[in-house]
Amino acid sequence: MCGVVAVIGKQNASDLVVEGLKKLEYRGYDSAGIASVSGGALHTIKSEGKLINLIEELSKVSKANLQSDSSIAIGHTRWATHGNVNVKNAHPLTSESKVAVVHNGIIENYESIKNQLISDGYVFKSQTDTEVLPHLFMKYIKLGNNFLQAGRLVLKDIKGAFAFVAMSLDFPNELFVSRNSSPLAIGLGEKSNFVGSDAHSIDHLTQRIIYLEDGDHALIDLDNVRIFNINEENVDRKIINIKAEIGLITKGGYRHFMEKEIFEQPSVIPQIISTFIKNSYEINIDLNKLGFKNKNTLLISAAGTSYYAAMVGKYWIEQLADLPVIIDLASEYRYRKPSVFGQSAMLVISQSGESLDTLMALRHGKELGLNTNAIVNVEGSTIDREANYSLYTRAGAEIGVASTKSFTSQLVILFMIAVALGKKFNIVTQEQLQKICSYILSLPSAIAEMLNMENEIKSVAQNIKNAKSIIFLGRGLLYPLALEGALKLKEISYIHAEGFAAGEMKHGPIALIEDQVPVIMFLVSDGNEDKAISNLQEAYSRGAKIILIADRDCIKKAPFAHYKIEIPNFETDFKSLLSPFLMAIPAQLLAYHVANERGTDVDQPRNLAKSVTVE
Ligand code: F6R
């Protein structure tokens, strides 16, 4: 999703902005641009595609002309919403070569503003919604307003979710910034200040960060950051010290961030476990803070992979704690009038903590009177700040667009919640709790063993890489894994893939089966495996290429499968309960290797963004 970076008060500001934009690359973008002031003129350089193209363009422009004496610059990576991917639509957007704006989000009422501005004589050069912003600034500056007054008038005109930074030749030592629902961080320096879409994009410049709150705007110069709330009252916002995460943007010898992040799971998971398991048999989650009143229904809402984690969580909580759980896609929940009958608590799940759909669902739940909790990876993100209680996955920065280690980390917390609730409601005994804890403690080594299956999975990937469509099947706890496997595969390999509950095949999807269509089933012995194998047999009889990823007993029962990947044998009473952790690994590795075979951009797949800050 779009990324915004700005620097004021440092020489070679443009170079520093580019450094920041590089750190936002992982979010996904299709064009980039930068504007700076030097020699009394506003210079704008933009390019389509990757940042390397912008850097080339920048190097073509004489340093004397653009960068060396510039100490103010704003930059942007654009993920197209309004208007095609081209240089004209890339940001910064300008007005009369005097005002430049970079913007993340959507100005919902841009059409009526645009029509008015056109009749006032302003010429639009792009198809974007953003272009109304520089023209509105220009209009209000021409009317004699200072930069702060002009910015406030602009804010009165616009509606939508946004975070933007504006600069003007008339006020060459000031930046005007504002946010509403889209994230924005301000960094404090010595005789310099910075702005970024997240703290990481400016952590090469400072570690002192302020997050603006919704409706805030600020006027920034090299000495001061003056912040105002929606009522234009001067406000203080907390300064947070962040630790620069050294080495964050290196692939550590792996070919892709996604691969590195898949292989990080055995080391990431022990860290989460150690936060939540005390003395090897106690779960350290404050259930009172989660806001349960008796055995009320829990609502869980999320998007994409985080939603599939929620689905697994539902199955676990219902099974282990006998507590009803409703799961809702965040993008649907916020636009409904949902009933909260019997509910007191809501849990949202988000790696980035910035998905707008999930944030809006959380706000909706809050308005409806629910106690809001969050499982987030990014501490200090908007969802983290707005939830009453947050549980952190602390999986480290996830740079690959496809969610991998954050999925399994979310599962760990959901599992802990389920077990803790089970104990609270006397469904899980102390003896079981101890057994479960000891298995959880051995989960990292089980995941490491699963990763050893890479070569077998790679050979399956080579065999299915040219398929037009791939079907994933699972039952029970492995149904959400079938959905996740299909999502992972389609988003990075661009092969059409669908996940189904195995038992649903006969109700429609079986019509999709034709000769050689790959059908991948995740299966462990759970007492219902024979039914799942019958579902698989039905696909086999119609010519499907069958790939079974399963434990030894299940594999023995399906000799007809074309490819059999046997998962390591884990001796535990809870094998089927914990199977989502294990099957996440082949689901991720299969998608990764199919994408690699096809040569796609694994870390930044087309059209996708790491944190989806538009609706
Ligand atoms: C899939 C993927 C997305 C995200 C979804 C929610 O691999 O990464 O489906 O899971 O956009 O993102 P978060 O968890 O950041 O709210």
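Residues numbered from 1 in each chain as written. Predicted model: local features only at pLDDT ≥ 70, side-chain atom pairs only at ≥ 80, totals over all residues. Heavy atoms only, no water.

1. So, the packing of aromatic side chains
Then, number 1: Under the criterion given, the structure shown has 14 aromatic pairs.
Then, number 2: Here the aromatic rings of Phe164 and Phe176 are separated by 6.1 Å at their centres, their planes lie at 25 degrees, and the arrangement is stacked. One end of the pair, Phe164, is in strand β7 (residues 160-168); the other, Phe176, is in strand β8 (residues 171-180), and 12 residues separate them in sequence.
Then, number 3: With relative accessibility at 0%, the residue Phe164 sits in the buried group.
Then, number 4: When the centroid spacing of 5.9 Å and the interplanar angle of 20 degrees are considered together, the rings of Tyr254 and Phe263 count as stacked.
Then, number 5: Here Tyr254 falls in the partly exposed class, since its relative accessible area comes to 32%.
Then, number 6: Linked through ring pairs, Phe137, Phe147, Phe162, Phe164, Phe171 and Phe176 together constitute an aromatic cluster. (Phe/Tyr/Trp six-rings, centres within 6.5 Å; stacked < 30°, edge-to-face > 60°. Helix = DSSP H or I, 4+ residues; strand = E, 2+ residues; numbered from the N terminus. Buried < 20%, exposed > 50% of the residue type's maximum accessible area, 1.4 Å probe, protein only.)

2. Some words on the site of the ligand
Then, number 1: Contacts to the ligand come from 14 residues, most closely from Ser306, Ser350, Ser352, Ser355 and Glu491.
Then, number 2: Looking at the shell around the ligand, the elements that each hand over two or more residues are α10 (304-321) and α17 (479-493).
Then, number 3: Of the residues that constitute the shell around the ligand, the class distribution is 4 nonpolar, 8 polar and 2 charged.
Then, number 4: Composition of the shell around the ligand by domain shows at least three residues from each of domain 2 (278-450) and domain 3 (453-615). (Near = heavy atom within 4 Å. Nonpolar A, V, L, I, M, F, W, Y, C, P; charged D, E, K, R; others polar. Domains from an automatic or database assignment.)

3. Section: the environment of Thr250
Then, number 1: Turning to its location among the elements, Thr250 is positioned in the loop between β15 (239-241) and α7 (257-263).
Then, number 2: Sequence-wise, Thr250 and Ile399 are 149 residues apart; in three dimensions their C-alpha atoms are separated by 9.8 Å.
Then, number 3: Leave out the neighbours within four places in its chain, and Thr250 touches Phe257 and Lys260. (Contact = heavy atoms within 4.5 Å.)

4. Focus: helix α2 (residues 51-60)
Then, number 1: When we look at burial in α2, the residues that qualify are Leu51, Leu54 and Leu58. Buried residues of α2, seen end-on, are gathered within an arc of 55 degrees and therefore sit on one face of the element. Across from the buried face of α2, at angles greater than 90 degrees, the exposed residues are Ile52, Ser59 and Lys60. (Arc of directions from axis to C-beta.)

5. Side note on the packing of helix α5 (residues 132-142) against helix α6 (residues 147-157)
Then, number 1: It is at 9 Å that the axes of α5 and α6 come closest, and there the two elements cross at 130 degrees. The orientation of α5 with respect to α6, classified from their angle, is oblique. For the pair α5 and α6, the sense of crossing is right-handed. Here Leu133, Leu136, Phe137, Tyr140 and Ile141 of α5 lie close against α6, whose contacting residues are Phe147, Ala150, Gly151, Leu153, Val154 and Asp157.
Then, number 2: Looking at the contact of α5 with α6 residue by residue, the classes come out as 9 nonpolar, 1 polar and 1 charged. (Axes fitted to C-alpha atoms, helices over the stretch in contact; angles between N-to-C directions. Parallel < 35°, antiparallel > 145°, perpendicular 65-115°, else oblique. Left-handed = near helix turned anticlockwise from the far one by under 90°.)

6. Quick word on the environment of Leu347
Then, number 1: Structurally, Leu347 can be placed in strand β20 (residues 343-350).
Then, number 2: Here Leu347 falls in the buried class, since its relative accessible area comes to 2%.
Then, number 3: Each C-alpha atom of the pair Leu347 and Ser301 lies 6.4 Å from the other, and the pair is 46 residues apart in sequence.
Then, number 4: Excluding residues that lie within four positions of it along the chain, Leu347 makes contacts with Leu298, Leu299, Ile300, Ser301, Asn373, Ala374, Ile375, Leu414 and Ile417.

7. Looking at the domain arrangement of the chain
Then, number 1: Its domain assignment divides the chain into domain 1 (3-253), domain 2 (278-450) and domain 3 (453-615).
Then, number 2: Between the C-alpha centres of domain 1 and domain 3 there is a distance of 43 Å.
Then, number 3: Contact residues are listed per partner, giving 15 residues for domain 1 and 11 residues for domain 3.
Then, number 4: Summing the contributions of domain 1 and of domain 3, the shared interface buries around 960 Å²; its carbon and sulfur component is 50%.
Then, number 5: Sorting the residues of domain 1 by area buried against domain 3 places Tyr26, Arg27 and Trp79 first, and these three jointly supply 46% of that buried surface.
Then, number 6: Inspection of the domain 1/domain 3 interface yields 1 salt bridge. (Buried area = accessible area lost by both parts, 1.4 Å probe. Salt bridge = Lys/Arg side-chain N within 4 Å of Asp/Glu carboxyl O.)

8. A look at α17
Then, number 1: Over its 15 residues, α17 runs 21 Å from end to end, which matches the ideal 21 Å to within 8%, given 1.5 Å per residue.
Then, number 2: Listed as buried for α17 are Pro480, Leu481, Ala482, Leu483, Glu484, Gly485, Ala486, Lys488, Leu489, Glu491, Ile492 and Ser493. (Expected span 1.5 Å × (residues − 1).)

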